[in-house]
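Chains, contacts and geometry: an overview
Here's the letter readout for the chains.
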Amino acid sequence: MIAAARALLALALLAVFYALVAAMVLLWCAFLVAALWAAGEPGVQTPPMSVVTACAAFAPIVFGMVWAVIRTARPAVSREDAVPVTRRGAPELWGTVEELALAVGTRPPARIRLTAEVNASVTEDAPLLGLAPGQRVLYLGMPLLACLSPAELRAVLAHELGHFSRRHSRFGAVAHRGAAGLVAARQAIQEASAANHLVRLYAGWPLLLLGLYTRVFRWLTRPVRRRQELEADREAARVAGPAAMADALCSTAALEAAWQEFLADFLAPMRRATGRIPDDPFRAFAHMVEAPEVREPLAALRARAVERPADPDDAHPALATRLERLARLPAELWTPDPLTPDPLAPDPLAPDPLSLRSRYAVALGRVMLSGPDAGKRVPWRDWLTELAEYRATRVLTPLAEAVRGVEAAEGVGRLRAGPVTAPETEPIGEPEAERFAEPEAGPVAQPDAALTIQRVLRLLDSGRRMPLARALNSRLDSRLSHGERTPHPEQTEDDDPLSALADALAVLIGAQLVARGTAYWAMNWTGPSILVPPDGIAPETIRTWADTAVRLPGQTQRLGLHLAALGVDERAPLPGPAGPMPGEKARRISIVPEVTGPARRRIIGVGAVALTVLVGMTGLTFALWAHKDEPSYPRIPVTRWNDRYQPGGGTGTGPAPYPTYQRPTFTDRPTIPTYQPPLPPPIHIDPVIPRSAP
């Protein structure tokens, strides 16, 4: 009941998500219309460029979310990184799948496709968000076919087909497409913001809302999907056996970690250093898994996988939980048929499962390692031989750099104090006399000369073993700090500074023997490659010779005699010199990540969408703003006086054609009394005016 309620609530959230995307599209369109309408309104001083800029920034976000919803809502298309398998090309695989489908009570898939992942999955290309039946596809990882036993492979196939028999594909399709739609929408916004600075300014809130919505959706669907995984485990245990299912789960978890290590530590470094890749990387990986020295690391990976907790974003329960549920299944759930052979017992007469699928593995390898910089493809056995030589001789590059550095310092000191002579207490034989006779006529060695055994022994005879060892250890430490593995990572300079120098000298001698064709390098997946010397010599003998020459003064003559007996010339350079030769341009490695083709197309697409909306909206808004109507304000027109003008506001017989002006009237206010001062009395001057005489 709770699972059904969670499923209905997840469907409701998915419908709300689609509605929110539609509302976001409508809101964006409303802002576009509002910007255009505001630009054409009378009285607008400037176009609304802030709204136009926001619409241009949100255009890639809206288009990306719509495309993500459409891509996840429709039936899934075939993956481009998968290779289809026909019935004629792999009849045993198709027969096993159809047999297991009949055992679990469901119809078999219509197509089988191989992938380069350590995983298996089933999909149903059903319309209407997976609510209607559709075509079934089984995706099977080629590393599983290469490394799992037949019993474990049957258990994996039965588990995937068990999802069909329990009708998990209906809710699984809805939950998967809903989560995929949310993730795809969020990824579209992240890619758009990473490709364009304008989009990055407005992508914060959409990313935050989508992140919260995705967490809620996964929180609702995770328990239902994990319960479905446990039901599929039970169905596979009923068909293939609980032990086979448990072994398949542990092996798959260990193979996933081993496959990532194979790609990161072996395939990628070899590809960068030599530009060569195997034509069938899955057979090379199977060779690594079957190596005796890898059994213990694989067992450790299985143990760590059991202890690892479940990922919060993963639909699968923790491996410990799944193993515990399988161990609690009743014994009568699976009863092996006595007439059929035990699937756990290996059949020595059974054909190699990869021999029937070699062309599929090669085709899948071309899909996995594609592009103009993929590298040159060589047969996988030859690639393993080259890988063994590369892993053994990669220490020669820091050794050559250390020799050049010490020789340069020795040359500076020789210019000041004269030529270096051997100590009087050391016996000098003919080979050593030759080593010391050369520097008297000129410099010790050319800085760009190829690395030879003679150059290393000359420094040892001149008492430069400790500066050479320190220089070599410093270069090995720098390579280790950059993520490269040293030949002997357990030995450090503090423990024994001369040990790494002895190992490097032994590798240099072994490289000369391999160049002569009297020895070869054997691949070792957990350490440096092992030198297989000529007949009659133990593998550790050459290492002992080199260690004695490095640690004991005066023992280089004995080492020269051993090398002469093996036919090794001390002055002969290696066919593949360590470091660049004179006139050769060294390979430049940049730490700046290269922009791939899809990333470049994404950057161009996001910029084109934002620029198109910005330029188009800017042009439309400026056009509407420039051609808008002028506003009409009320004003008194300038005209002549006519007879119909009435100063009182138009009280004549005819209507006044123009507005008239009337003097404003105010309410009566009391008159303020005025003060008048009293008048002086009148002065009569008539009596004093003289009158004329008669």
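A brief report on the enclosed structure follows. (Residues numbered from 1 in each chain as written. Predicted model: local features only at pLDDT ≥ 70, side-chain atom pairs only at ≥ 80, totals over all residues. Heavy atoms only, no water.)

1. As for the packing of aromatic side chains
Considering all chains together, one arrives at eight aromatic pairs under this definition. Ring plane angle 25° and centroid distance 5.8 Å describe the contact between tryptophan 259 and phenylalanine 262, whose orientation is recorded as stacked. With a gap of three residues between them, tryptophan 259 and phenylalanine 262 both fall in helix H9 (residues 242-274), about one helical turn apart. Here the aromatic residues Trp259, Phe262, Phe266, Phe282, Phe285, Trp383 and Trp525 are joined through ring pairs into a cluster of three or more. The aromatic ring of tryptophan 94 is capped on one face by arginine 87, whose charged end is 4.2 Å from the ring centroid. The ring of tyrosine 360 has arginine 359 sitting right over it, with the charged end atom 4.3 Å from the ring centre. (Phe/Tyr/Trp six-rings, centres within 6.5 Å; stacked < 30°, edge-to-face > 60°. Helix = DSSP H or I, 4+ residues; strand = E, 2+ residues; numbered from the N terminus. Lys NZ or Arg CZ within 6 Å of the ring centre and 35° of its normal.)

2. Focus on a nonpolar patch on the surface
On the surface, Trp205, Leu208, Leu209 and Leu212 cluster together to form a nonpolar patch covering roughly 480 Å² of accessible area. Relative to the helices and strands, leucine 209 resides in helix H8 (residues 204-240). (Patch = residues over 30% accessible without salt bridge, like charges linked within 9 Å, V, L, I, M, F, W, Y side chains within 5 Å. Areas by Shrake-Rupley, 256 points an atom, 1.4 Å probe, with all protein chains shown as cover. Salt bridge = Lys/Arg side-chain N within 4 Å of Asp/Glu carboxyl O.)

3. Points about helix H19 (residues 499-516)
A rise of 1.5 Å per residue sets the reference length of H19, with its 18 residues, at 26 Å; its end C-alpha atoms lie 26 Å apart and thus fit the reference within 8%. Here H19 lies mainly inside the structure; 15 of its 18 residues are buried. Positive phi appears at glycine 517, one or two residues downstream of H19, with a value of about 85°. (Expected span 1.5 Å × (residues − 1). Buried < 20%, exposed > 50% of the residue type's maximum accessible area, 1.4 Å probe, protein only.)

4. Quick notes on the packing of H9 against helix H11 (residues 295-307)
The relative placement of two packed helices is expressed as an angle between their axes plus a distance between the axes. Across the interface, H9 lies against H11 with an axial gap of 8 Å and an inter-helix angle of 110°. As judged from the angle between their axes, H9 and H11 are roughly perpendicular. Handedness of the H9/H11 crossing: right-handed. Mapping the contact onto sequence places Asp247, Cys250, Ser251, Ala253, Ala254, Ala257 and Ala258 in H9 and Leu298, Leu301, Arg302, Ala305 and Val306 in H11. Class assignment for the residues of the contact of H9 with H11 results in nine nonpolar, one polar and two charged. (Axes fitted to C-alpha atoms, helices over the stretch in contact; angles between N-to-C directions. Parallel < 35°, antiparallel > 145°, perpendicular 65-115°, else oblique. Left-handed = near helix turned anticlockwise from the far one by under 90°. Contact = heavy atoms within 4.5 Å. Nonpolar A, V, L, I, M, F, W, Y, C, P; charged D, E, K, R; others polar.)

5. Here's the deal with the nonpolar core
Core analysis: the largest hydrophobic core is formed by 120 residues, its most contacted members being Phe262, Met288, Trp383, Leu396, Leu399, Leu505 and Trp525. Top contributing element to this core by residue count: H9, with 14 residues. Setting aside anything within four residues of it in sequence, one finds tryptophan 383 in contact with Phe262, Phe266, Leu267, Met270, Arg276, Ile277, Pro278, Ala284 and Val378. With 20 residues, the next largest nonpolar core counts Tyr18, Val69, Leu182 and Phe217 among its residues. (Core = buried A, V, L, I, M, F, W, Y, C linked by side-chain atoms within 4.5 Å.)

6. Focus: the pattern of salt bridges
Under the criterion given, the structure shown has 14 salt bridges. Note that aspartate 496 and arginine 551 form a salt bridge whose closest N and O atoms lie 2.4 Å from each other. With aspartate 496 in the loop between helix H18 (465-481) and H19 and arginine 551 in helix H20 (residues 541-551), this residue pair connects regions lying 55 residues apart in the sequence. By relative accessible area, arginine 551 is classed as partly exposed at 31%. One salt bridge connects arginine 551 with aspartate 547, and the closest N-O pair in it is separated by 2.7 Å. Here the residue arginine 551 and the residue aspartate 547 both occupy positions in helix H20, the gap between them amounting to four residues, near one helical turn. Via salt bridges that share partners, Asp496, Asp503, Arg543, Asp547 and Arg551 belong to a single interconnected network.

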